[in-house]
Amino acid sequence: MYKVVVSNQCSCFKNSKMDGTLHFESREEAKNKALEMMKKMNEDFCGKHEFDVQEMFTSYVISFYNPARDNCCGDGFCMLATTIL
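Below is a summary of the structure that appears in this document. Quick caveat, the model's predicted, so the values are computed rather than measured.

Turning our eyes to something else, we now look at the pattern of salt bridges. Going through the model one piece at a time under the given rule, you end up with four salt bridges. Measuring nitrogen to oxygen at the nearest pair gives 3.3 Å for the salt bridge that ties K33 to E36. Taken together, the residues span about one helical turn, with K33 and E36 both in helix α2 (residues 27-44) at a distance of three residues. With relative accessibility at 27%, the residue K33 sits in the partly exposed group. With a closest N to O distance of 2.8 Å, K40 and D44 form a salt bridge. Here D44 and K40 lie together in helix α2, a separation of four residues that amounts to about one turn. Under the relative-accessibility criterion, K40 is labelled partly exposed at 41%. In this structure D44 comes out as partly exposed when scored by relative accessible area, which is 48%.

So, in C-alpha cells, the structure goes:
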C-alpha cells in the first residue's frame, strides 16, 4: 500500500475539495497522483507557497517549501521534523 499525504495544509488546501491522505496499490499510481496534485496546488492556489513532493518510505509527501529543508541530511527526518514543529 502506498500513500499520498499533504503534510502542511494551508488555508487554500483546507478550502479545496482535495483529500489530504490517499491510498494506492502501486508506487507508480501514488507518484503520478502526488505529482498531479502538486501541479494543481502550485497553479491554482494563492501562490504564497511553492509545493513540492518528497518520497518517504512508501509515501509521497506534498508540502510547501521550508527553508530548513536546505540543510536537510537527506533521510527525510529534517522535513518531517519541521512539519511536526
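Across its 18 residues, α2 extends 26 Å between first and last C-alpha, which sits within 8% of the 26 Å expected from 1.5 Å per residue. Within α2, the full set of buried residues consists of A30, A34, M37, M38 and M41. Buried residues of α2, seen end-on, are gathered within an arc of 100° and therefore sit on one face of the element. Summarising the geometry of α2, the exposed residues directed more than 90 degrees from the buried face are E28 and E43.

Turning our attention to the packing of aromatic side chains. The tally for this structure, following the rule as stated, stands at two aromatic pairs. Ring centres of F45 and F51 lie 5.8 Å apart, and the angle between their planes is 85°; on these two criteria the pair is classed as edge-to-face. By the burial criterion, F45 is buried, and F51 matches it. Here the aromatic rings of F51 and F64 are separated by 6.1 Å at their centres, their planes lie at 85°, and the arrangement is edge-to-face. Here F51, found in strand β3 (residues 51-56), pairs with F64, found in strand β4 (residues 59-64); they are 13 residues apart in sequence, far enough to count as distant. Joined through ring pairs, the aromatic side chains of F45, F51 and F64 make up one cluster.

Definitions and cut-offs
- Residues numbered from 1 in each chain as written.
- Predicted model: local features only at pLDDT ≥ 70, side-chain atom pairs only at ≥ 80, totals over all residues.
- Heavy atoms only, no water.
- Salt bridge = Lys/Arg side-chain N within 4 Å of Asp/Glu carboxyl O.
- Helix = DSSP H or I, 4+ residues; strand = E, 2+ residues; numbered from the N terminus.
- Buried < 20%, exposed > 50% of the residue type's maximum accessible area, 1.4 Å probe, protein only.
- Expected span 1.5 Å × (residues − 1).
- Arc of directions from axis to C-beta.
- Phe/Tyr/Trp six-rings, centres within 6.5 Å; stacked < 30°, edge-to-face > 60°.

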